[in-house]
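# Results of the structural survey
Read off the chains here:
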Amino acid sequence: MAETAIDIRNVNKTFAGKKAVDDVSFQVEAETCFGFLGPNGAGKTTLMKMLYNRAVRDDRGGTMNVFGFDPAKQELCIKHLSGVVPQEDSLDEELDVVQNLRVYAQFHSMDSKRAEGRIKELLEFIELADRAKAKIRELSGGMKRRLVLARALINQPRLLILDEPTTGLDPQVRHLIWDMIRRLKRQGATILLTTHYMEEAFQLCDRLVIMDKGRVVLEGVPQDLVEETVERYALESYELGADDTCAQAPLPSSVRVESSQQSTRLFSDEMDDLKTAAEILGLGRFHLRQSNLEDVFLRTTGRSLNAQQ
């Protein structure tokens, strides 16, 4: 039976009278990647910070266990075994690449010989060995993000917390970081990932939760969630505007319509029925595809923007 790395039960957090985390429970198996999806303001980052006591949980009977430690009582033990990649890079621009890593090695009380060996290893891992002496302001956004990842790995953490690690990066760098995350998991790391990229969550996560307004609204294996939540195929068309609800059209009975002020999509387990619907609606251009995690996300959280967004 797999080891439980993280066990969260009925956890809450309130800011200024508003629930940021509302009765959340989940478990994470060791050596897996567990993902958090949700709109801005859903509580994902707050929950991450609660795991290493950057945001203290409310005292409402909930419990948090991270590799046997309680964040409220054993914060340093959790920090010792964790590495964190926050949303912001927070690198020291007055220092060069190696110096930034040395500072964090000192935080973990690593002796000089061990630190230098680890830094060399990490620079090879993130493909920045040739920029070891470069100042931070000389690095591209992708290089900085990789350096933040290396900084989080300096202590060889059992738990790696990644808060939107690839936001704003180009696809090439994003895929490079995905490969790094897969390698870390194979090496035995347990990974927590928040992301707005549905493909990223689908590719990397063994399990995930979708959060909305502080609550977990769906949990499972990404592929299973797609198969269980939405039909197999989707039709998208730029010709289906906000006012085209398809309500009056005699569409095949298997076709389900999802519409909002922004767009309309058709779903069905039968691709031929979607083609028939396109003919009935007189669509000149449309895109037929398999349903994906984004369809699950939008159906679960809604297509309208939350007030926080």
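Our subject is the structure that appears above.
So, here's what we can say about the structure.

A full pass over the atoms with the stated rule returns 4 aromatic pairs. Ring geometry for Phe 26 against Phe 36: centres 5.3 Å apart, planes inclined by 75°, an arrangement best described as edge-to-face. Within this pair, whereas Phe 26 is found in strand E2 (residues 18-29), its partner Phe 36 is found in strand E3 (residues 33-37), the two being separated by 10 residues in sequence. Like Phe 36, Phe 26 is buried.

Let's shift gears to the packing of helix H5 (residues 141-152) against helix H6 (residues 171-186). It is at 10 Å that the axes of H5 and H6 come closest, and there the two elements cross at 15°. The orientation of H5 with respect to H6, classified from their angle, is roughly parallel. Along this stretch, H5 crosses H6, giving a crossing that reads as right-handed. Taking contact as the criterion, the partners of Gly 142, Arg 145, Arg 146 and Leu 149 in H5 are, on H6, Val 173, Leu 176, Ile 177 and Met 180.

Between helix H8 (residues 222-229) and helix H10 (residues 293-301), the least distance of the axes is 9 Å, while the angle of their chain directions is 60°. One element, H8, and the other, H10, form an angle in the oblique class. Both H8 and H10 take part in a crossing whose hand is left-handed. Between H8 and H10, the residues in contact are Pro 222, Leu 225, Val 226 and Thr 229 and Leu 293, Val 296 and Arg 299, respectively. Here the contact of H8 with H10 is built from residues that sort into 5 nonpolar, 1 polar and 1 charged.

On to the pattern of salt bridges. All told, the structure shown has 18 salt bridges when counted by the stated rule. In this structure, the salt-bridge partner of Arg 158 is Glu 3, at a minimum N-O distance of 3.5 Å. Placement of the pair is Arg 158 in the loop between H5 and strand E6 (159-163) and Glu 3 in the segment before strand E1 (4-15), with a sequence separation of 155 residues. Here Glu 3 falls in the partly exposed class, since its relative accessible area comes to 43%. Among the salt bridges present, the one from Glu 258 reaches Arg 256, with a minimum N-O distance of 2.8 Å.

Definitions and cut-offs
- Position labels on residues start from 1 in each chain and follow its written sequence.
- Restriction of local features to residues with pLDDT of at least 70 applies here, the model being predicted, together with a cutoff of 80 or more for giving and counting side-chain atom pairs; totals for whole chains, interfaces and linings are based on all residues.
- Calculated side-chain values reflect all of the structure's heavy atoms, with hydrogen atoms and water omitted.
- Classification of ring pairs uses Phe, Tyr and Trp, with its six-membered ring standing for Trp, and accepts pairs whose centres are within 6.5 Å; under 30 degrees between planes counts as stacked, over 60 as edge-to-face, and the remaining range as tilted.
- Secondary structure elements are defined from DSSP: runs of H or I of at least 4 residues count as helices, runs of E of at least 2 residues count as strands, and each element is numbered from the N terminus.
- Burial classes follow relative accessibility: with a 1.4 Å probe on protein chains only, a residue under 20% of its type's maximum area counts as buried, one over 50% as exposed, and anything between as partly exposed.
- Here an axis means a line fitted to C-alpha atoms, over the contact stretch when the element is a helix, while the angle between two N-to-C directions is reported on a 0 to 180 degree scale.
- For this classification, under 35 degrees means roughly parallel, over 145 means roughly antiparallel, 65 to 115 means roughly perpendicular, and everything else is oblique.
- What makes a crossing left-handed is the near helix being turned counterclockwise from the far one by less than a right angle; a clockwise turn instead makes it right-handed.
- Residues count as neighbours in contact if any of their non-hydrogen atoms are within 4.5 Å of one another.
- Each residue is assigned to one class: nonpolar for Ala, Val, Leu, Ile, Met, Phe, Trp, Tyr, Cys and Pro, charged for Asp, Glu, Lys and Arg, and polar for all the others, Gly among them.
- By definition, a salt bridge exists where a carboxyl oxygen of Asp or Glu is found within 4 Å of a side-chain nitrogen of Lys or Arg.

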